[in-house]
There are 2 protein chains.
Amino acid sequence: MVDVCLLGTGGMMPLKNRWLTSCYIEYNGKAILIDCGEGTQIAMAEAECKMSRVEVLLITHFHADHVSGIPGFLLSLGNCSRVEPLTIYAPVGAKKIIDNLMCICGALPFKLDIHELPMDKNTKFIATSIDSMLEIESLPVRHRVNCLGYSFNFRRKPVFNPDKAKSFNVPLRLWRVLHGGESITLDDGSVITTDMVTDGSRKSIKVTYVTDTLPFDEIAELAFRSDLFICEGMYGDELQKDSMNEKHHMLMQDACYLASLASVDILWLTHYSPAMINPNEYAKELLNIFENTIISKDGQKISLS
Amino acid sequence: MVDVCLLGTGGMMPLKNRWLTSCYIEYNGKAILIDCGEGTQIAMAEAECKMSRVEVLLITHFHADHVSGIPGFLLSLGNCSRVEPLTIYAPVGAKKIIDNLMCICGALPFKLDIHELPMDKNTKFIATSIDSMLEIESLPVRHRVNCLGYSFNFRRKPVFNPDKAKSFNVPLRLWRVLHGGESITLDDGSVITTDMVTDGSRKSIKVTYVTDTLPFDEIAELAFRSDLFICEGMYGDELQKDSMNEKHHMLMQDACYLASLASVDILWLTHYSPAMINPNEYAKELLNIFENTIISKDGQKISLS
């Protein structure tokens, strides 16, 4: 089960009734926080997402509306008695910028394990501090600064078949090892592999998160067949298209086209301009482009299984 | 008339129902913002304080709960079409720290005019971008980093007496000049000074703002006979005294003693610990120490005249 909560849906600046766009993804009791703008720690409290479960902070890019909450968030984590290192994945240049931001924080009671990601296509890594089966892929997107889109592939173990294990006389204490993917050698010398005691593979759960970019086809490749695609849509008014091209953002319609191209199950729109008071007024047009479009609200949640 | 709004009353971290401590002081349509922690720009919107009127940002010290909202605040000011320079007064070291924080902001459409204040007693300066009659005094207080308390002395012009002006044949077009403090020379060569056409002095309006410090007597000297004294009180529980000494903060009781010593008109307590859920439970004890104590709430306002 992957629990996703979109903590805020705003772009540029936090509003009285709209937090800045960030996302909390929990899996097996451990969580990833994607971006951390001003107020994200309060949005987490409002949405009842557990700060103490965050093991990975993942940053799309270093514009203030996505990262200015980092100092407060890390200090509050420290006040939660955290001593274990926190893993941070972010575009190249992250160490210097985070170091700059932390000049107002004093010493934290835990270490930051910062991984700078390259601006290369098809960068894949395993988020070991969440789960050895969680593969994250990053894609450089087209913004005014280094910015990454991410796809989370929660790969799931094949279903364990106890009858098969028994038929090979595998002792109970080794079932877990085998299910985890390791082969074992029994006392009689026979080697048992995972595929011998499981029933095929299970579909991964895939979540893709893209914000602050011009639309382009590789985004749909990254998001291909996602269970959930979270994507920016700054405006619903097509008259804003030129402005979006200039500012390197996209319209809600662009996101819907990408969702359709990527054959995703569900699209959550987010990162609305403060000038767009009511994103829902474009609902009809957007649903015509991609029918499973959700015009997200702050605190929107889903459990994917 | 000086309008004061305490935007938040929290210390350390913003809570769902308590913004971080900061203060908005408006005088003749221009405003000072004191400190700017995470969420202060939203607190301003909630309290209906006008961001566009802020001409001075004044910082007590560079701990995250007092300054991490600066990048977002300045960007939002820029989005309000500001092009005029913004004056910033802050403890020595400010330029480097603000430069660090602004690494996530790109170029602002206005300049920052940063004045680093020394950690000396009795530093006084005129906040010309607010009013040539506004004198600010800073006092180094006892925190873990350079931290300043401030006293705002809104000096007021003496009352203009039209009859006196007429008796000297001062033309109407020069009344404003004379009232502003400049002398004039009439056609007949006679020199007229301000005191010749006014009726004595009016009491200044004085506001003092002190937070994040151990209590000590010079704070009461700074606050002496203030119309309003805004002071931190992290806890009301006297058992926290040792912890406060260690962390260089003060209890609500300490603030009340200082208010009494300083003979201020009104004390507003603020900067409550997130662990102090209901500051009002200490009201009786606090009022016994200083009867005009207000246990402030977010958005608390007063007009001083």
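The structure this text deals with has already been given above.
Here goes a summary of the coordinates provided. Throughout, residues of each chain are indexed from 1 in the direction in which the sequence is written. All chains are assigned letters beginning with A, and all ligands numbers beginning with 1, in the order in which they are written. Only residues with pLDDT of 70 or above have their local features reported here, since the model is predicted, and side-chain atom pairs are shown and tallied only from 80 upward, although totals for entire chains, interfaces and linings are computed over all residues. Water and hydrogen atoms play no part in the side-chain values, which are based on all heavy atoms of the structure.

### What about empty space enclosed by the protein?
In the cavity and pocket records, a cavity denotes points on a 1 Å grid over the protein atoms alone where a 1.4 Å probe fits but cannot get out, a pocket denotes an open set with protein on both sides within 12 Å along at least 5 of 7 lines, and lining residues are residues with an atom within 4 Å of a point. Grid points are joined across faces, edges and corners, and a volume is the space filled by probe spheres set on the points. Under the counting rule described, the total for this entry stands at three cavities of 30 Å³ or more. When its volume is computed, the largest cavity comes out at roughly 60 Å³. In terms of lining residues, the largest cavity is bounded by Gln41(A), Gly72(A), Leu75(A), Ser76(A), Met12(B), Met13(B), Pro14(B), Leu20(B), Glu38(B), Ala64(B), Asp65(B) and Ser68(B). Secondary structure elements follow DSSP: runs of H or I of four or more residues count as helices, runs of E of two or more count as strands, with numbering from the N terminus. Taken together, the elements giving at least two residues each to the lining of the largest cavity come down to helix H3 (70–79) of chain A together with helix H2 (64–67) of chain B. Broken down by element, the residue count for the lining of the largest cavity peaks at three residues, all from H3(A). The class makeup of the residues in the lining of the largest cavity is six nonpolar, four polar and two charged. Its volume calculated, the second largest cavity comes out at about 40 Å³. Forming the boundary of the second largest cavity are Met12(A), Pro14(A), Leu20(A), Glu38(A), Ala64(A), Asp65(A), Ser68(A), Gln41(B) and Gly72(B). Residues belonging to the lining of the second largest cavity are distributed by class as follows: four nonpolar, three polar and two charged. The classification used treats Ala, Val, Leu, Ile, Met, Phe, Trp, Tyr, Cys and Pro as nonpolar, Asp, Glu, Lys and Arg as charged, and all other residues, Gly among them, as polar.

### Concerning the relation of the copies chain A and chain B
Overlay of chain A on chain B (RMSD 0.1 Å): rotation 180°, translation along the axis 0.0 Å. What the superposition gives is, in effect, a two-fold axis relating one chain to the other. Here, residues are in contact when the closest pair of their heavy atoms is within 4.5 Å. When the interface residues of chain A are mapped onto chain B, 100% of them are again interface residues, pointing to one common binding face. Least-squares superposition of the copies uses the C-alpha atoms of those residues scoring a pLDDT of at least 70 in each of them.

### Quick notes on the sheet that holds strand S12 (residues 202–210) of chain A
Residue and element names in this part refer to chain A. Paired strands, in this sense, are two strands between which DSSP finds at least two bridges. Taking strand neighbours across the sheet as the criterion, the seven strands line up as S7-S8-S9-S12-S13-S14-S15 in an open arrangement whose pairing is mixed. Strands with a single pairing partner mark the edges of an open sheet, and in this sheet they are strand S7 (123–126) and strand S15 (293–295). Averaged over all pairs of adjacent strands, the angle between their axes in this sheet comes to 20°, without regard to strand direction. Where strand S13 (residues 228–232) and strand S14 (residues 266–270) come together, five bridges link them in parallel fashion. Opposite cysteine 231, over in S14, you have leucine 269 as the bridge partner. Fitted lines through C-alpha atoms serve as axes, helices being fitted only where they are in contact, and the angles separating the N-to-C directions of these axes extend from 0 to 180 degrees.

### Quick look at the sheet that holds strand S6 (residues 112–117) of chain B
Residues and elements named next belong to chain B. The strand order S6-S5-S4-S3-S2-S1-S16 describes an open sheet built from seven strands, whose pairing is mixed. A single partner strand is all that each edge strand has here, and the edge strands are S6 and strand S16 (300–304). Each neighbouring strand pair of the sheet contributes to a mean axis angle of 15°, computed without reference to strand direction. As paired strands, strand S1 (residues 2–8) and strand S2 (residues 22–27) are joined by six bridges and run antiparallel to one another. Note that in S2 the partner of aspartate 3 across the bridge is glutamate 26.

### What to know about helix H3 (residues 70–79) of chain B
All names here are of chain B. For the exposure calls, accessible area comes from a 1.4 Å probe over protein chains only, and a residue counts as buried if that area is under 20% of its type's maximum, exposed if over 50%, partly exposed in between. Summarising burial for H3: eight of the 10 residues are buried, a large majority. Of the positions making up H3, those classed as buried are Ile70, Pro71, Gly72, Phe73, Leu74, Ser76, Leu77 and Gly78. Following H3 by one or two positions, serine 81 adopts a phi angle in the positive range, close to 70°.

### A closer look at the interface of chain A and chain B
Listed per partner, the contact involves 31 residues of chain A and 31 residues of chain B. What counts as buried area is the accessible surface, traced by a 1.4 Å probe, that two parts surrender upon association, with contributions from both included. Buried area between chain A and chain B, summed over both chains or domains, comes out near 2,400 Å², and the portion from carbon and sulfur atoms is 66%. Looking only at chain A, the three residues that lose the most surface to chain B are Lys16(A), Glu38(A) and Ile104(A), adding up to 27% of its buried area. Every case where a carboxyl oxygen of Asp or Glu lies within 4 Å of a side-chain nitrogen of Lys or Arg is listed as a salt bridge. Between chain A and chain B we count zero salt bridges in total. Any pair of N or O atoms that falls within 3.5 Å is considered a polar contact. Within protein, one atom must be able to donate a hydrogen and the other to accept it, and sequence-neighbouring residues count only if both atoms are side-chain atoms. Inspection of the chain A/chain B interface yields six residue pairs in polar contact (both at pLDDT 80 or more). Listing elements by their share of the side of chain A that touches chain B, those giving two or more residues are helix H1 (40–46), helix H2 (64–67), H3 and helix H4 (94–101) of chain A. Its residues assigned to classes, the side of chain A that touches chain B shows 17 nonpolar, 11 polar and three charged.

### Notes on helix H4 (residues 94–101) of chain B
Residue and element names in this part refer to chain B. Within the span of H4, buried status applies to Ala94, Ile97, Ile98, Asn100 and Leu101. Seen along its axis, H4 keeps its buried residues to an arc of 155°; they face one direction. Of the residues in H4, the exposed ones pointing more than 90 degrees away from the buried face are Lys96 and Asp99. Each direction from the helix axis to a C-beta atom contributes to the arc, which is the arc of those directions.

### Notes on the pairing of S2(B)
Residue and element names in this part refer to chain B. When you tally the buried positions in S2, you get six out of six residues, the bulk of the element. Neither face of S2 is exposed, since Ser22, Tyr24 and Glu26 on one face and Cys23, Ile25 and Tyr27 on the opposite face are all buried. Where S2 and strand S3 (residues 30–34) come together, five bridges link them in antiparallel fashion. Pairing of isoleucine 25 across the sheet is with isoleucine 32, part of S3. Hairpin remark: S2 followed by S3, antiparallel, with two residues in the connecting loop; positive phi at asparagine 28, about 50°.

### Comments concerning the side chain of Glu135(B)
Residues and elements named next belong to chain B. Following the sequence through the fold, glutamate 135 ends up in strand S8 (residues 134–140). One buried charge, glutamate 135, has no salt-bridge partner; the nearest side chain with opposite charge is arginine 155, at 4.3 Å. The contact partners of glutamate 135, leaving out residues within four places of it in the chain, are Lys124, Phe125, Ile126, Ser151, Phe152, Asn153 and Arg155. Residues counted as positive are Lys and Arg, residues counted as negative are Asp and Glu, and His and the chain ends are not counted.

### Description of the pairing of strand S5 (residues 86–91) of chain B
Both faces of the sheet carry side chains from a regular strand, because those side chains alternate between them. Residues and elements named next belong to chain B. Along S5, six of the six residues are buried, which leaves the element largely enclosed by surrounding structure. Where S5 lies against S6, six bridges are found, and the strand directions are parallel. Bridging from a neighbouring strand, tyrosine 89 pairs with histidine 115 of S6. Seen with its strands pointing away from the viewer, a crossover is right-handed when the path leading from the first strand over the helix to the second is clockwise. In this fold, the crossover linking S5 to S6 by way of H4 has right-handed handedness.

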